[in-house]
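Residues per chain are reported as follows:
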Amino acid sequence: MKFTRFNIVILVGFLAILGVIVMQLFLLNQAYSFEKKEVEDKIHYALLDVVERIYVDNNSELIVTNQIKKVAHNYYVVNVNDVFENNILEFYLKKEFAKVKLDLDFEYAIYDCGSNNMVYGNYITATSQPSKKCVDCFTKNDDLIYYFAVRFPTLKQSYFTSLKQYWLYTVVLFVVLIVYVYSVLLMLKQKRYTVLQNDFINNMTHEFKTPLASILIASNYANDQEEIKKNPRLSKYIQIIIKQSNKLNEHIEQILSLAKTDSNNIELNKSAVDFRKMIELTKENISLKYTKLVQFDFLFSKKLIVHADEFHFYNIFYNIVENAVKYGPKNPIVTVSVLEEENYYSIHIADNGEGVPKKDLPFIFDKFYRVERTDSKEIEGFGIGLAYVKKIVQLHGWKIKAENINPGLKIFIQIPKSEIHE
């Protein structure tokens, strides 16, 4: 697999998020262990204090060691080795658990020597709705005589509840990872489709150019023949073939240029370009191509030298002006002005057409987007001219935008002052 910059960025991003999740899981495990130990210590010391109080009440000496035995994660057996009352035990359990702020449901049972069984005591709830009592959960211990057992039914749930903020952060991180992976897969899929699309366009256009070149050569040769020149009908047909072939060749060149910019294979050869001469050349070529009487107004007097790629810089203005003429009124007027701002020059190209519908205006620079004309039911063009313009502007590091004026459309190209000198 070839590691491109795009793949490396994705891999680094994935490893970073994965690392954060692993760290979060480690912190969650540490927090769980700490919370578990803290609760177990509270239970142990509270039960130890209960035993001491029973001995104080009985005026006895505490001679038993290791009174607290943990049987399961939520089940404890306490060896008292002295007589005690049921109601007194419950009172002390409530008091000592409250003292250490152990806000948990618990139930207890006491061993009865007479019946040789564990006698269920009571279920004490810390909430308004107690869990189901479990009388059979208490088992007797043959090694002890005076003892009781305490069980905490909701102990495990309390661990998860107390760590809810850690769980929330972990869930959020997992969601971020899933969204990231999904987005990456979409981008890789889109990139693959883009590569296939560009390959298809390149192959298709090259396949078109070979027979088209043959058609143009044959048509131009036929046009020079005396038999054709003497026959007005045949001469007209040949002129139509030549005109439409040139038009098709122009469209193919546009598609190739756009595919080249999309694949980032284009290299800008920047040089000093005279902006006035470039606009004059655009005017001359547009006037030769279209039979419409086009009026050009140049509202700037300074000589501006732009640091740009001459070929693509010309194509920018040619595409914009051609759109203004092609889709404009019978007598189009194209106005070119330059406004000097604080940090950049703003070149304005305005026409006197109908403008662009408000709903379409934000998308006119999108590839393959075409605007429906009000004077025709057909949608003309391929939607690649202005997309090419925007791509070239961006490659130069400039900015472009458009807005409707009354009447017509105005396109702004902002060029930093560092790229222009007078």
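Because the structure is a prediction, the values reported are computed rather than measured.

Let's talk about a nonpolar patch on the surface
A cluster of nonpolar side chains, contributed by Leu-11, Leu-15, Leu-18 and Val-22, occupies part of the molecular surface with about 330 Å² of accessible area. Along the polypeptide, Val-22 turns up in helix 1 (residues 5-57).

Focus on the side chain of Asp-351
With respect to the helices, strands and loops of the structure, Asp-351 is situated in strand 10 (residues 344-351). The exposure class assigned to Asp-351 is buried, which follows from its relative accessible area of 15%. Separated by 3.0 Å, the side chain of Asp-351 and the backbone nitrogen of Gly-353 make a polar contact. Setting aside residues up to four positions removed in sequence, Asp-351 forms contacts with Ala-324, Ile-333, Ile-405, Pro-407, Gly-408 and Leu-409.

Brief notes about the sheet that holds strand 10
The strand order across the open sheet built from 5 strands is 7-9-10-12-11, with neighbouring strands paired in mixed fashion. Every other strand in the sheet has two partners, leaving strand 7 (295-299) and strand 11 (399-404) as the edge strands with one partner each. Here the average twist between neighbouring strands, direction ignored, is 15 degrees. Where strand 9 (residues 333-340) and strand 10 come together, 7 bridges link them in antiparallel fashion. Looking at the pairing, Val-338 lines up with Ile-347 of strand 10. Packed onto the sheet, helix 7 (residues 275-289) meets strand 7, strand 9 and strand 10 and runs at close to 175 degrees relative to strand 7. Strand contacts of helix 8 (residues 310-326): strand 7, strand 9, strand 10 and strand 12 (409-416), with the helix running at about 25 degrees to strand 10, the strand carrying the most contacts.

A closer look at the nonpolar core
Residues Phe-275, Phe-313, Ile-316 and Ile-413 are the most contacted members of the largest nonpolar core, which totals 45 residues. Of the residues forming this core, the biggest block, 9 residues, is contributed by helix 8. The residues touching Phe-275, leaving out its near neighbours within four places in the chain, are Phe-300, Leu-304, Val-306, Phe-313, Phe-317, Val-336, Val-338 and Ile-347. Residues Leu-89, Tyr-92, Leu-104 and Tyr-159 belong to the second largest nonpolar core, which totals 28 residues.

Comments concerning the pattern of salt bridges
Applying the stated rule across the entire model yields 12 salt bridges. Residue Glu-107 is joined to Arg-151 by a salt bridge in which the shortest nitrogen-to-oxygen separation is 2.4 Å. A residue pair is termed long-range when its members are at least 10 positions apart, and Glu-107 in strand 3 (residues 106-112) and Arg-151 in strand 5 (residues 147-151) qualify at 44 residues. For the pair Glu-107 and Arg-151, a shared accessibility class is recorded, and that class is buried. Shared partners join several salt bridges into a network, and the residues in it are Arg-53, Glu-96 and Lys-99.

Comments concerning helix 7
For helix 7, which comprises 15 residues, the first-to-last C-alpha distance of 21 Å matches the rise-based estimate of 21 Å (1.5 Å per residue) to within 8%. For helix 7, the full list of buried residues reads Phe-275, Met-278, Ile-279, Thr-282 and Ile-286. One side of helix 7 holds all its buried residues, which, seen down the axis, span an arc of 95 degrees. Summarising the geometry of helix 7, the exposed residues directed more than 90 degrees from the buried face are Lys-277 and Leu-288. Elements that come into contact with the buried residues of helix 7 comprise strand 6 (270-274), strand 7, strand 8 (305-309), helix 8, strand 9 and strand 10. Capping the start of helix 7, Asp-274 holds a side-chain oxygen 3.0 Å from the backbone nitrogen of Arg-276, two or three residues further along.

Describing the packing of helix 7 against helix 8
Any two packed helices are characterised by how steeply their axes cross, that is the angle between the axes, and by the distance between the axes. Interaxial distance between helix 7 and helix 8 falls to 10 Å at its minimum, and their mutual angle equals 45 degrees. In this view, helix 7 runs oblique relative to helix 8, as classed from their interaxial angle. Crossing of helix 7 over helix 8 shows right-handed handedness. Between helix 7 and helix 8, the contacting residues are Phe-275, Met-278, Ile-279, Leu-281, Thr-282, Asn-285, Ile-286 and Lys-289 on the first element and Glu-310, Phe-313, Tyr-314, Phe-317, Tyr-318, Val-321, Glu-322 and Val-325 on the second.

Some words on the confidence of the model for the protein chain
Scored by pLDDT, the protein chain comes out at a mean of 81, with 89% of its residues at no less than 70. Averaged pLDDT values over the elements of the protein chain bottom out at 75 in helix 6 (residues 232-262) and peak at 92 in strand 12.

Quick look at the packing of aromatic side chains
Applying the stated criterion across every chain yields a total of 17 aromatic pairs. Ring geometry for Phe-275 against Phe-300: centres 5.2 Å apart, planes inclined by 45 degrees, an arrangement best described as tilted. A residue pair is termed long-range when its members are at least 10 positions apart, and Phe-275 in helix 7 and Phe-300 in the loop between strand 7 and strand 8 qualify at 25 residues. Here Phe-275 falls in the buried class, since its relative accessible area comes to 0%. Exposure remark for Phe-300: the relative accessible area of 12% places this residue in the buried category.

Some points on the pairing of strand 9
Examined bridge by bridge, strand 7 and strand 9 share 5 bridges and lie parallel to one another. The partner of Gln-295 across the bridge, within strand 9, is Ile-333. The antiparallel pairing of strand 9 with strand 10 creates a hairpin that spans 3 residues between the two strands.

Criteria and thresholds
Residues numbered from 1 in each chain as written. Predicted model: local features only at pLDDT ≥ 70, side-chain atom pairs only at ≥ 80, totals over all residues. Heavy atoms only, no water. Patch = residues over 30% accessible without salt bridge, like charges linked within 9 Å, V, L, I, M, F, W, Y side chains within 5 Å. Areas by Shrake-Rupley, 256 points an atom, 1.4 Å probe, with all protein chains shown as cover. Salt bridge = Lys/Arg side-chain N within 4 Å of Asp/Glu carboxyl O. Helix = DSSP H or I, 4+ residues; strand = E, 2+ residues; numbered from the N terminus. Buried < 20%, exposed > 50% of the residue type's maximum accessible area, 1.4 Å probe, protein only. Polar contact = N/O pair within 3.5 Å; in protein donor to acceptor, adjacent residues only side chain to side chain. Contact = heavy atoms within 4.5 Å. Pairing = 2+ DSSP bridges. Axes fitted to C-alpha atoms, helices over the stretch in contact; angles between N-to-C directions. Core = buried A, V, L, I, M, F, W, Y, C linked by side-chain atoms within 4.5 Å. Expected span 1.5 Å × (residues − 1). Arc of directions from axis to C-beta. Parallel < 35°, antiparallel > 145°, perpendicular 65-115°, else oblique. Left-handed = near helix turned anticlockwise from the far one by under 90°. pLDDT = per-residue confidence, 0-100. Phe/Tyr/Trp six-rings, centres within 6.5 Å; stacked < 30°, edge-to-face > 60°.

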